[in-house]
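# Overview (structure and organization)
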Amino acid sequence: PNRPPVVFHWIPVFGSAASYGMDPYKFFEDNRKKFGDVFTFVMLGRHITVALGPRGNDFVLNAKHSDVSAEEAYAHLTTPVFGKGVIYDCPNARLMEQKKFAKSALTTGAFRSYVPLIVNEVRQYWLKSPQFFGGDSNRASNKTHLMTAMPEMTIFTASRTLQGREVRAKFDESFADLYHDLDRGFTPIHFVFPNIPIPATFNRDKAQRKISDTYMEVIRERRRTGDLSEQDVLNTFLRDAVYKDGVRMSDREIANMMIGILMGGQHTSAATSTWALMHLGADKALRDALYQEQVEVCGPELRELTYDDLQNMPLLNNTIRETLRMHPPLHSLMRFVRHDLTIEGTRYVVPRGHYVLAAPGVPMIDSQYFKEPLKFQPERWLEQKNIIDLAAQDQDYTVVSKGAKSPYLPFGAGRHRCIGEQFAYVQLGTILAMFVREFEWSLPNGRAVPTPDYSSMVTLPAEPSDIVWTRRR
Ligand code: HEM
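Overview of the structure. None of these values were measured; they are calculated from a predicted model. (Residues numbered from 1 in each chain as written. Predicted model: local features only at pLDDT ≥ 70, side-chain atom pairs only at ≥ 80, totals over all residues. Heavy atoms only, no water.)

## Section: helix α12 (residues 233-240)
In terms of burial, α12 is largely enclosed, as six of its eight residues are buried. Along α12, the residues that are buried comprise V233, L234, N235, T236, F237 and L238. Next to the buried residues of α12 lie α5 (92-105), α6 (108-128), α7 (146-163), α11 (199-225) and α13 (251-281). (Buried < 20%, exposed > 50% of the residue type's maximum accessible area, 1.4 Å probe, protein only. Helix = DSSP H or I, 4+ residues; strand = E, 2+ residues; numbered from the N terminus. Contact = heavy atoms within 4.5 Å.)

And the structure:
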């Protein structure tokens, strides 16, 4: 059978690990020029077939579960971090139901209650953190290291809204350090060597146990008091997490699910808000337009932001959309191949035992789909201008489509698609709107937006990630 072309490499087994790992997008682009949209590379003994473009997205993300599996591609990395019995440490049918439980908590009603909670967390953070006012509420200007501040604001706002008051309070005690330890065991090294005997690995395992035990205590306390009044995801699991076959999720599984949900939204959202603040720092006209939008929707007094206000702010939402176009946090979505797979429209067969890889970020910066793709232009989404009209070219897909055959998929597609998209827009929208209202900011010394750094699990801006700000009022 016809195998896809294989990327040349000097060192057997090790393969293309270095060039892929250092700059995956350059690696994809270089090989696309040589081979087209489909090619195989070797990395540390694994054979990985890349399928680029909208058709590649569709091939990988819409493949049948009987043919490919995400759990066999990810579990060795995620199970030590999330814990047992959930996400990729269970049959796929269970994951589908776990996602449904979580999704059922993320309603418009819940989002309405989350916005004021996020507003409050952001204010508290500014007041207390040395990255902002540091307790001196008169401080008028400062420099902030975004890669310190944004992960903290992300985890405080996500834990307060998705997991409730008591869980949020734990972050003022032990949780912050424990989650930090968990993070340091969630790296590309652990993707390759899940149990590499280094302190980061031992600390990861210790932190996982302690965090999971702490959620169990919270769960027991909620059951004891019977107070399930908050609209958080944890309460939804406590009430409703019974699988179709009648099996109830155990408290341990619910605890581990809470870790999975928080980790799923943590690096992705923190990276996205950092990139957005960087682009805004480099573009005064856009900052001004966003401020104007705040005034138009909330009045010159800038009354407290609500969920419904956010829905009336197209420029704000398009700023997030554009940030995710240029900087999707996840550059590679992988599946393990369980049965030989023919790639539609090609002569190629990918044999079982290999992996397939979708890289949704590649078409997102391709001039075939987006005019001037390397320009940050939130306005392009307003009238769909600077987005190539594919329907007019007789293509059987459009740029913004529900299916997997799309060039714009920052949240993936198919059965493993993200459940956190709407929450992410609420969280990011609220945080960014708060920044626009409170601060004027820029990148120090007129620097440009940083280049990407691919050395952690998500695509981050290379250091330094500082902004300098002054207060508007
Ligand atoms: C899945 C991106 C926020 C929970 C995914 C996938 C992507 C993604 C690309 C598909 C992975 C794959 O196919 O291999 C993002 C981005 C986010 C974000 C860009 C923010 C900007 C969140 C949040 C949550 C979350 C806030 C939790 C509330 C999940 C879950 C899955 C998922 C549970 C399903 C995994 C699966 O079915 O295998 N996300 N995510 N994500 N995400 Fe997100």
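## Observations concerning the packing of aromatic side chains
The geometry of an aromatic ring pair comes down to the distance between the two centres and the angle between the two planes. Per the counting criterion, the structure on display carries 37 aromatic pairs. Judged by centre distance (6.2 Å) and plane angle (50°), the ring pair of W126 and F132 falls under tilted. Assessed through its relative accessible area of 0%, F132 is described here as buried. When the centroid spacing of 4.8 Å and the interplanar angle of 55° are considered together, the rings of F439 and W469 count as tilted. Of the two residues, F439 sits in strand β9 (residues 439-442) while W469 sits in strand β12 (residues 466-471), which places them 30 residues apart along the sequence. Cation over ring: R94 sits above Y243, and NZ or CZ is 4.0 Å from the ring centre. When the ring centre of F370 is taken as reference, the NZ or CZ atom of R325 above it lies at 5.2 Å. (Phe/Tyr/Trp six-rings, centres within 6.5 Å; stacked < 30°, edge-to-face > 60°. Lys NZ or Arg CZ within 6 Å of the ring centre and 35° of its normal.)

## Describing the coordination of the iron atom of the ligand
For the iron atom of the ligand, the sole protein-derived donor is C418 (SG), lying 2.3 Å away. Along the chain, the position of C418 falls in the loop between α17 (361-364) and α18 (421-438). (Donors = N, O, S within 2.8 Å, 3.2 Å for Na, K, Ca; no water.)

## Some points on the site of the ligand
Surveying the vicinity of the ligand reveals 25 residues, the closest of which are Y88, K99, R335, H416 and C418. Taking Y74, its side chain carries an N or O atom lying 2.7 Å from an oxygen atom of the ligand. Breaking the shell around the ligand down by element, the ones donating at least two residues are α5, α13, β5 (333-337) and α18. Broken down by class, the residue content of the shell around the ligand amounts to 14 nonpolar, eight polar and three charged. Both of domain 1 (1-82 + 330-370 + 386-409) and domain 2 (88-281 + 435-473) provide at least three residues apiece to the shell around the ligand. (Near = heavy atom within 4 Å. Polar contact = N/O pair within 3.5 Å; in protein donor to acceptor, adjacent residues only side chain to side chain. Nonpolar A, V, L, I, M, F, W, Y, C, P; charged D, E, K, R; others polar. Domains from an automatic or database assignment.)

Keep in mind these values describe shape, not function.
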